[in-house]
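# Residue-level structure breakdown
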Amino acid sequence: MESVFVEQALLAHGWADRVRLTVAADGRIASIETDATPRAGDQVLTGKTLLPALANLHSHAFQRAMAGLTEYRGQQRDSFWTWRELMYRFVGALTPDQVEAIAALVQVEMMEAGYAAVAEFHYLHHRPGGGAYDDIAEMSARVAAAASETGIGLTHLPVLYAFGGAGEKPLSGAQARFGCDGERYQALMAAADRVIAALPADCRLGIAPHSLRATSPGLLKATVAHFPGRPIHIHIAEQQQEVRDIEAWLGARPVAWALDNLPVDERWCLVHATHMTADETTRLARSGGVAGLCLITEANLGDGLFPVEAFLGDGGHIGVGSDSNVRIALAEELRLLEYGQRLGHQARNVVFTEGQSTGRALYEASLKGGARALGRDSGALKVGAYADMVTLDMTALALDGRQGDRILDGWIFAGDDRLVSDVWAAGRHKVKDGRHVAREAVEKRYRGVLKSLLAA
Ligand SMILES: [Zn+2]
């Protein structure tokens, strides 16, 4: 049993002073006392504020290694699709060792940014050319090995990627490494299930049909029916071209098609529901599914702006993810979520919850949506939930003298993730004084991988 004492904490019902919190061996919060006094054996978190930690709901870990390598303009106007070509070339030769090293670095960076958990949307399954590894879930095992080393709470999402484009186009080139038909996907999931079962009990396995364009209606519906009770993530409407292609093929815009044809509910996370009509926005909000927003990546790729104000007004659930991992920065992700809306609406404080500051409203919405998307019993400091927790350093200038919601506003709008001091994932205390305990070894390995990738 681990116990902490802190002067101020954000609990499920709001801010509380002099909080003593204990964590059981299963990683869940066993007790919370307020107006308490520290006891012998407590870790006294002097000069810190304790918050529930976010789950990062969308990541492709391997893309971290190409961060900052696609920032030049080609011969024509650059777009998501030219970025994707570069990404395909880059992944052509990644080995399992390299994937594990990159995933570990990404998880260390996420935890140092204040995330306790991640949904890894994992599609690099096979050997170059598409042949299976001896263990069909070799690459999933490498992501899991990284999670075992870093202690992050992992919701692993093996991706079903069956077609190269809308209308059941065949896979081409680099896509061969992603490819699964229905049967191969079931074999992959069975093997991945054994891999994830060996991780701590908070780690889970979900499914991820890549997108409407990379599946077919029949295969998609059959796959969803075959894996009941698991988180389901899908890329849905990231690009206007994608919306036009799906409309031409299936006769409906992607979000409308999904809501009409799939059992979208609270198990679902629709990533990049960027391009929606007002009707799609309302219907998705009412479905209970989470809209997965990846603000830094969406800005980097020029995707567009999600209709946050209308979606939240209809009771929708949102969470944030770092997607391409071009930059892993929690406060910046939330700041950009709000700032995109301010620029779009020419207004301030757009994300709004009665009685809360904007920073608090952004943080609380992302806590709940992230936990829901990962199928993770977290998102608030309350007895029985996993102890996903983060502390901020109150001696930092951006937080000096602040109380309550202004702490979150200071972190998100005036500071950055250097304010993060400690992080626990289901009680695993892995970030201390702003640094992950495995940072040195993980970074050293990653530098070796980068060197060989850049030389290739
Ligand atoms: Zn993605």
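The structure displayed is predicted, hence computed values, not measured ones. (Residues numbered from 1 in each chain as written. Predicted model: local features only at pLDDT ≥ 70, side-chain atom pairs only at ≥ 80, totals over all residues. Heavy atoms only, no water.)

What follows covers empty space enclosed by the protein. Scanning the model with the defined rule gives four cavities of 30 Å³ or more in all. Among the secondary structure elements, those contributing two or more residues to the lining of the second largest cavity are helix H2 (96–113) and strand E7 (115–122). Among the residues making up the lining of the second largest cavity, the classes are represented as seven nonpolar, one polar and one charged. (1 Å grid on protein atoms, 1.4 Å probe; cavity = no way out; pocket = protein on both sides within 12 Å on 5 of 7 lines; lining within 4 Å. Points joined across faces, edges and corners; volume = space filled by probe spheres on them. Helix = DSSP H or I, 4+ residues; strand = E, 2+ residues; numbered from the N terminus. Nonpolar A, V, L, I, M, F, W, Y, C, P; charged D, E, K, R; others polar.)

The next point concerns the layout of surface pockets. Empty space among the atoms becomes visible once a probe the size of a water molecule is rolled across them. In this structure, the largest pocket spans a volume of roughly 280 Å³. Along the wall of the largest pocket there are 14 residues; nearest its centre are Glu-109, Glu-112, Ala-113, Ile-328 and Asp-417. Residue composition of the lining of the largest pocket, grouped by class: four nonpolar, one polar and nine charged. Composition of the lining of the largest pocket by domain shows at least three residues from each of domain 1 (2–51 + 383–440) and domain 2 (53–374). (Domains from an automatic or database assignment.)

Let us look at the pattern of salt bridges. Counted according to the given criterion, the structure contains 29 salt bridges. Linking Arg-428 and Asp-202 is a salt bridge whose minimum nitrogen-to-oxygen distance equals 2.9 Å. A residue pair is termed long-range when its members are at least 10 positions apart, and Arg-428 in strand E17 (residues 428–432) and Asp-202 in the loop between helix H4 (182–197) and strand E9 (204–205) qualify at 226 residues. Each member of the pair, Arg-428 as well as Asp-202, carries the same accessibility label: buried. In this structure, the salt-bridge partner of Asp-260 is Arg-283, at a minimum N-O distance of 2.8 Å. (Salt bridge = Lys/Arg side-chain N within 4 Å of Asp/Glu carboxyl O. Buried < 20%, exposed > 50% of the residue type's maximum accessible area, 1.4 Å probe, protein only.)

Side chains of nonpolar character tend, in soluble globular proteins, to be buried together. Judged by nonpolar contacts, the single largest core of 135 residues is most densely connected at Leu-284, Phe-306, Tyr-363 and Trp-411. Take this core: its biggest share by element is eleven residues, from H2. For this core, the domains that each give at least three residues are domain 1 (2–51 + 383–440) and domain 2 (53–374). Among residues more than four places away in sequence, those in contact with Phe-306 are Ala-273, Thr-274, Met-276, Ala-291, Leu-293, Phe-311, Ile-318 and Gln-341. Within the second largest apolar cluster, 15 residues are counted, among which are Ala-9, Leu-50, Ala-387 and Trp-424. (Core = buried A, V, L, I, M, F, W, Y, C linked by side-chain atoms within 4.5 Å. Contact = heavy atoms within 4.5 Å.)

With the rule as written, the count across this model stands at eight aromatic pairs. Measuring from centroid to centroid gives 5.1 Å for Phe-306 and Phe-311, while their planes differ by 75°, and the two rings are edge-to-face. Accessibility classification places Phe-306 together with Phe-311 in one group, the buried group. When the centroid spacing of 5.8 Å and the interplanar angle of 40° are considered together, the rings of Tyr-339 and Phe-413 count as tilted. Here the residue Tyr-339 occupies a position in helix H11 (residues 330–345), and Phe-413 occupies one in helix H13 (residues 405–414), the gap between them amounting to 74 residues. Relative accessible area serves as the criterion here: at 32%, Tyr-339 is assigned to the partly exposed category. Between Arg-28 and the ring centre of Tyr-386, over which it is positioned, the NZ or CZ distance is 4.1 Å. (Phe/Tyr/Trp six-rings, centres within 6.5 Å; stacked < 30°, edge-to-face > 60°. Lys NZ or Arg CZ within 6 Å of the ring centre and 35° of its normal.)

What follows is about the side chain of His-436. Take His-436: it is sitting in strand E18 (residues 435–436). A relative accessible area of 2% means that His-436 is categorised as buried. A distance of 2.8 Å separates a polar side-chain atom of His-436 from the backbone oxygen of Thr-150. If near-sequence neighbours (up to four positions away) are discounted, His-436 is found in contact with Val-108, Met-111, Glu-112, Glu-149, Thr-150, Lys-430 and Val-431. (Polar contact = N/O pair within 3.5 Å; in protein donor to acceptor, adjacent residues only side chain to side chain.)

Further remarks concern the packing of H2 against helix H14 (residues 439–455). What describes two packed helices is the angle between their axes and the distance between those same axes. Across the interface, H2 lies against H14 with an axial gap of 9 Å and an inter-helix angle of 130°. Judged by the inter-axis angle, H2 sits oblique to H14. Note on packing geometry: the crossing formed by H2 with H14 is left-handed. Residue-level contacts link Gln-98, Glu-100, Ala-101, Ile-102, Ala-104, Leu-105, Val-108, Glu-109 and Glu-112 of H2 to Arg-439, Val-442, Glu-443, Arg-445, Tyr-446, Val-449, Ser-452 and Leu-453 of H14. For the contact of H2 with H14, the per-class residue count stands at nine nonpolar, two polar and six charged. (Axes fitted to C-alpha atoms, helices over the stretch in contact; angles between N-to-C directions. Parallel < 35°, antiparallel > 145°, perpendicular 65-115°, else oblique. Left-handed = near helix turned anticlockwise from the far one by under 90°.)

A few words now on the coordination of the zinc ion. For the zinc ion, the protein coordination sphere consists of His-58 (NE2), His-60 (NE2), His-235 (NE2) and Asp-323 (OD), at 2.1 to 2.7 Å. Mapped onto the polypeptide sequence, the residues donating to the zinc ion form the spacing pattern H-x1-H-x174-H-x87-D. Within this pair, whereas His-58 is found in strand E6 (residues 54–59), its partner His-235 is found in strand E11 (residues 232–235), the two being separated by 177 residues in sequence. (Donors = N, O, S within 2.8 Å, 3.2 Å for Na, K, Ca; no water.)

The strands making up a sheet are joined through hydrogen bonds of the backbone, oriented either antiparallel or parallel. Here we have four strands laid out as an open sheet, ordered E11-E12-E13-E14, and parallel in their pairing. Of all the strands in the sheet, just E11 and strand E14 (317–320) have a single pairing partner and so form its edges. For this sheet the average axis-to-axis angle between neighbouring strands, irrespective of direction, equals 25°. The pairing of strand E12 (residues 268–271) with strand E13 (residues 290–293) spans three bridges and is classified as parallel. From the neighbouring strand, Leu-270 faces E13, where its bridge partner is Ala-291. (Pairing = 2+ DSSP bridges.)

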